[in-house]
Amino acid sequence: MLYDLTVPAYRNGLKALSGELSKASAWGTENGIGELQFAVARLARDMFPLASQVRFTCIQALQPLSRLGGIAIPELPEDATDFAGMQEQIAATLAVLDEIDHAALGDDMERAVSFDLPNGMIFDLSAADYVRDWAQPQFYFHRVAAYAVLRHMGVPLRKADYVAYMMRHPRPGTAPPAGTATGRPDLRSARRNSRYLERRAWSRHYAGSLRSPRQRADNAPAHRVRAGSPRAPHAPTPALPER
């Protein structure tokens, strides 16, 4: 049960993300946007860049294996600086997911799961709550952020790219003809973003902000924070990084 709720979804999402990065690489070459410019691109000044979002997507696909099944997982300590590096991180993650046995994560949805965050918060919840309220939202947060950065840069992606795995399931004869998607890539916006990122790539954006990862934490008011850990429920809402 826990395997079915996690691993297949992560494999689908990572394979789709790999396809999006391949399209971005080809489109960037055609339009004069360098790979480093993509790697450091971000949606807002206080958000992590594309390279971090890709790495965090991989990390969030791996952490449930450790927390639910006690499985040793590889570390991904550094952001990539080009598309090849991002693809290598995705490939390494998929290789681990492909080797997981269906029974490895167990079927006990009510067993206790605990984990801590770098800021000292500790969460105690059931396996079912962990998957629903933490593991899945964390994975998709970073997965969507990576897609959004690519679109922000002007890459002509569509929802069909985000859910590319769904093309295994259409009823015969119901798929629209190829080339019927509407809309055009925003080349003006892409070039403007490219010039901005080029000026800043080797300054604060790259040298200062590709720093050690700080795992994003969502507010989870429905769950109990372990007594004695900072930021107990009665305290003001912690300023957790929304990025």
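Please refer to the structure placed before this passage.
Since this is a predicted model, take the numbers as computed values, not measurements.

## Describing the nonpolar core
For step 1, the next point in the chain: Leu21, Phe38, Leu50 and Tyr130 are the most contacted members of the largest nonpolar core, which totals 54 residues.
For step 2, the next point in the chain: Looking at this core, the elements that each hand over two or more residues are helix H1 (2-31), helix H2 (35-39), helix H3 (50-69), helix H4 (83-98), strand S1 (112-116), strand S2 (122-126) and helix H5 (127-152).
For step 3, the next point in the chain: Once residues lying within four places of it in the same chain are set aside, the contact partners of Tyr130 are Gln63, Pro64, Arg67, Leu68, Val113, Phe115, Leu125 and Ala135.

## A short note on the packing of aromatic side chains
Centre distance and the angle of the planes are the two values used to describe a pair of aromatic rings.
For step 1, the next point in the chain: Applying the stated criterion across every chain yields a total of 9 aromatic pairs.
For step 2, the next point in the chain: Pairing Phe115 with Tyr130 gives two aromatic rings, centres 5.7 Å apart and planes at 65 degrees, and the pair type is edge-to-face. Here Phe115, found in strand S1, pairs with Tyr130, found in helix H5; they are 15 residues apart in sequence, far enough to count as distant.
For step 3, the next point in the chain: For Tyr130, a relative accessible area of 1% corresponds to the buried category.
For step 4, the next point in the chain: The interplanar angle of 35 degrees and the centroid separation of 6.0 Å between the aromatic rings of Phe123 and Trp134 together place this pair among those described as tilted. Taken together, the residues Phe123 in strand S2 and Trp134 in helix H5 connect sequence positions 11 residues apart. Like Trp134, Phe123 is buried.
For step 5, the next point in the chain: Three or more aromatic residues joined by ring pairs make a cluster, and in this case those are Phe115, Phe123, Tyr130 and Trp134.

## Concerning the environment of Pro8
For step 1, the next point in the chain: Relative to the helices and strands, Pro8 is located in helix H1.
For step 2, the next point in the chain: Judged by its relative accessible area of 30%, Pro8 falls in the partly exposed class.
For step 3, the next point in the chain: C-alpha of Pro8 to C-alpha of Asp98: the two residues are 90 residues apart in sequence and 9.3 Å apart in space.

## Considering the packing of H3 against H4
For step 1, the next point in the chain: Taken N-terminus to C-terminus, the directions of H3 and H4 make an angle of 10 degrees; their axes are 10 Å apart at the nearest point. Our classification of the angle between H3 and H4 gives roughly parallel. Note on element contacts: H4 touches H3 through Met86, Gln89, Ile90, Thr93, Val96 and Leu97, opposite Leu50, Ala51, Val54, Arg55, Cys58, Ala61, Leu62 and Leu65.
For step 2, the next point in the chain: Grouping the constituent residues of the contact of H3 with H4 by class yields 11 nonpolar, 2 polar and 1 charged.

## Describing the environment of Leu105
For step 1, the next point in the chain: Structurally, Leu105 is set in the loop between H4 and S1.
For step 2, the next point in the chain: With relative accessibility at 0%, the residue Leu105 sits in the buried group.
For step 3, the next point in the chain: It is 9.6 Å that separates the C-alpha atoms of Leu105 and Thr6, two residues lying 99 residues apart in sequence.
For step 4, the next point in the chain: Leu105 has contacts with Leu2, Tyr3, Thr6, Val7, Pro64, Leu65, Leu68, Gly69, Ile71 and Arg111, leaving out every residue within four places of it along the chain.

## Remarks on the packing of H3 against H5
For step 1, the next point in the chain: Packing of H3 against H5 brings their axes to within 8 Å, and their N-to-C directions diverge by 165 degrees. Relative to H5, the element H3 is oriented roughly antiparallel. Judged by the twist between their axes, the crossing of H3 over H5 is left-handed.
For step 2, the next point in the chain: Considered class by class, the residues forming the contact of H3 with H5 number 16 nonpolar, 6 polar and 2 charged.

## Some details on the pattern of salt bridges
For step 1, the next point in the chain: For the structure on display, the rule yields 6 salt bridges.
For step 2, the next point in the chain: The residue Glu20 makes a salt bridge to Arg143 at a minimum N-O spacing of 2.6 Å. Placement of the pair is Glu20 in helix H1 and Arg143 in helix H5, with a sequence separation of 123 residues. In this structure, Glu20 and Arg143 share a single accessibility class: buried.
For step 3, the next point in the chain: For Lys23, the salt bridge is made with Asp161, and the minimal N-O distance between the two is 2.5 Å. Of this pair, Lys23 sits in helix H1 while Asp161 sits in helix H6 (residues 159-162), placing them 138 residues apart in sequence.

Reading the values: rules and limits
- Residues numbered from 1 in each chain as written.
- Predicted model: local features only at pLDDT ≥ 70, side-chain atom pairs only at ≥ 80, totals over all residues.
- Heavy atoms only, no water.
- Core = buried A, V, L, I, M, F, W, Y, C linked by side-chain atoms within 4.5 Å.
- Buried < 20%, exposed > 50% of the residue type's maximum accessible area, 1.4 Å probe, protein only.
- Helix = DSSP H or I, 4+ residues; strand = E, 2+ residues; numbered from the N terminus.
- Contact = heavy atoms within 4.5 Å.
- Phe/Tyr/Trp six-rings, centres within 6.5 Å; stacked < 30°, edge-to-face > 60°.
- Axes fitted to C-alpha atoms, helices over the stretch in contact; angles between N-to-C directions.
- Parallel < 35°, antiparallel > 145°, perpendicular 65-115°, else oblique.
- Nonpolar A, V, L, I, M, F, W, Y, C, P; charged D, E, K, R; others polar.
- Left-handed = near helix turned anticlockwise from the far one by under 90°.
- Salt bridge = Lys/Arg side-chain N within 4 Å of Asp/Glu carboxyl O.

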